Amino acid sequence: GASLYFQKHHAAEALAGRRLRALLEAPDPATGPGALGNVLDTVLERLPLRIGSAPGAPAMEFDAGQKAALALALRKRFTVISGGPGTGKTSLAANFLRAWSRLRGGSGYTPRIRLAAPTGRAAQRLSESIRRSLATLGPEGASGPDAGVRELACGTLHALLRYHPGTGGFFHGA
């Protein structure tokens, strides 16, 4: 049936759709299977995040679906990870950031990463959770690729894109 839209909302939705389509149609970053396998082995097996901060705390374990989601996110330009509470989204995000900084970093290049969430409270929880997870690495996480991930702060989407209420637009295009 017919829909009723405010013109500016329809235009914004259509623009977001075009930009998302362009992003999805763009070629994915080149990732060799050997490099991806080495990075995943490092992040998930050799230097895994731990459940809890006590010495000897067990390593985080991921099921096959979570590992596949992590590998896919590292190969694709755009990925959405969703799930209910307690399904491992934040743990997956922490490991994604660790793996991505290893895969896309190197040779003195530090990848530019910005974290954003829909609300200030969600942004604060994400930052705290990632820092808490990375703290389980101990001294190994204080240097190297994980050190940069540990320093990441999360803000709101509106702040990241610099929303202008007067115009209803953003300074940074998505």
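Use the structure listed above.
Residues numbered from 1 in each chain as written. Predicted model: local features only at pLDDT ≥ 70, side-chain atom pairs only at ≥ 80, totals over all residues. Heavy atoms only, no water.

### Re the overall build of the protein
Next, step 1: For the protein, the count of helices and strands is seven helices and four strands.
Next, step 2: Each helix (α) and strand (β) of the protein, taken in turn from the N terminus, gives the series α-α-α-α-β-α-α-β-α-β-β.
Next, step 3: Seen along its three principal axes, the alpha-carbon backbone of the protein occupies a region of about 60 × 35 × 35 Å.
Next, step 4: Across the 174 residues that make up the protein, the buried fraction comes to 27%.
Next, step 5: Restricting to contacts in the protein with at least 6 residues of sequence separation, those with at least 24 account for 61%.
Next, step 6: Considering the protein, the positive charge centre built from 22 side chains and the negative charge centre built from 11 side chains are found 8 Å apart. (Helix = DSSP H or I, 4+ residues; strand = E, 2+ residues; numbered from the N terminus. Buried < 20%, exposed > 50% of the residue type's maximum accessible area, 1.4 Å probe, protein only. Contact = heavy atoms within 4.5 Å. Lys, Arg positive; Asp, Glu negative; His and termini not counted. Charge placed at Lys NZ, Arg CZ, Asp CG, Glu CD.)

### A few points about helix α4 (residues 89-104)
Next, step 1: Compared with an ideal rise of 1.5 Å per residue, which puts 16 residues at 22 Å, α4 spans 21 Å between its outermost C-alpha atoms and is within 8% of the ideal.
Next, step 2: Along α4, the residues that are buried comprise L92, A94, N95, L97, R98, A99, S101, R102, L103 and R104.
Next, step 3: Packed against the buried residues of α4 are α2 (33-46), α3 (64-75), β1 (115-117), α5 (120-135) and α6 (145-150). (Expected span 1.5 Å × (residues − 1).)

### A closer look at the environment of A147
Next, step 1: Considering the arrangement of structural elements, one finds A147 in helix α6.
Next, step 2: Counting along the chain gives 18 residues from A147 to P165, while the straight-line C-alpha distance between them is 36 Å.

### Some details on the packing of α2 against α3
In a packed pair of helices, the relevant descriptors are the angle between the two axes and the axis-to-axis distance.
Next, step 1: At a minimum axis distance of 11 Å, the contact between α2 and α3 shows a crossing angle of 130°. Taken together, α2 and α3 sit at an angle that is classed as oblique. The element α2 and its partner α3 pack so that their crossing is right-handed. Listed contacts from α3 to L36, L40, L44 and E45 of α2 are K67, L70, A71, L74 and R75.
Next, step 2: Residues belonging to the contact of α2 with α3 are distributed by class as follows: six nonpolar, no polar and three charged. (Axes fitted to C-alpha atoms, helices over the stretch in contact; angles between N-to-C directions. Parallel < 35°, antiparallel > 145°, perpendicular 65-115°, else oblique. Left-handed = near helix turned anticlockwise from the far one by under 90°. Nonpolar A, V, L, I, M, F, W, Y, C, P; charged D, E, K, R; others polar.)

### Considering the nonpolar core
Next, step 1: Residues L40, L74, L97, L115 and I130 are the most contacted members of the largest nonpolar core, which totals 28 residues.
Next, step 2: Counting only elements with at least two residues in this core, the list comes to α2, α3, α4, β1 and α5.
Next, step 3: Residues contacting L115, with those up to four places away along its chain left out, are L97, I130, L152, A153, C154 and G155. (Core = buried A, V, L, I, M, F, W, Y, C linked by side-chain atoms within 4.5 Å.)

### Quick notes on the packing of α2 against α4
Next, step 1: Packing of α2 against α4 leaves a shortest axis separation of 9 Å and a crossing angle of 135°. For the element pair α2 / α4, the angle class is oblique. Both α2 and α4 take part in a crossing whose hand is right-handed. Judged by residue contacts, A35, L36, V39, T42, V43 and L44 of α2 engage N95, R98, A99, R102 and L103 from α4.

### Some thoughts on a nonpolar patch on the surface
Next, step 1: Residues L20, L23, L24, F78 and V80 make up a contiguous nonpolar surface patch of about 440 Å² in total accessible area.
Next, step 2: As for its placement among the helices and strands, F78 is situated in the loop between α3 and α4. (Patch = residues over 30% accessible without salt bridge, like charges linked within 9 Å, V, L, I, M, F, W, Y side chains within 5 Å. Areas by Shrake-Rupley, 256 points an atom, 1.4 Å probe, with all protein chains shown as cover. Salt bridge = Lys/Arg side-chain N within 4 Å of Asp/Glu carboxyl O.)

### Focus: the pattern of salt bridges
Next, step 1: This model, assessed by the stated rule, comprises five salt bridges.
Next, step 2: Here D28 makes a salt bridge to K76, at a shortest N to O gap of 2.8 Å. Taken together, the residues D28 in the loop between α1 (7-25) and α2 and K76 in the loop between α3 and α4 connect sequence positions 48 residues apart.
Next, step 3: The class of D28 is partly exposed, set by a relative accessible area of 33%.
Next, step 4: K76 gets classed as partly exposed once you look at its relative accessible area, which sits at 38%.
Next, step 5: For D146, the salt bridge identified is with R98, shortest N-O distance 2.9 Å. Separated by 48 residues along the polypeptide, D146 in helix α6 and R98 in helix α4 bring together distant segments of the chain.
Next, step 6: Accessibility expressed as a relative area gives 2% for D146, which makes it buried.
Next, step 7: Residue classification places R98 among the buried positions, given a relative accessible area of 0%.
Next, step 8: Salt bridges here are not isolated pairs; linked through shared partners, they connect R98, R102 and D146.

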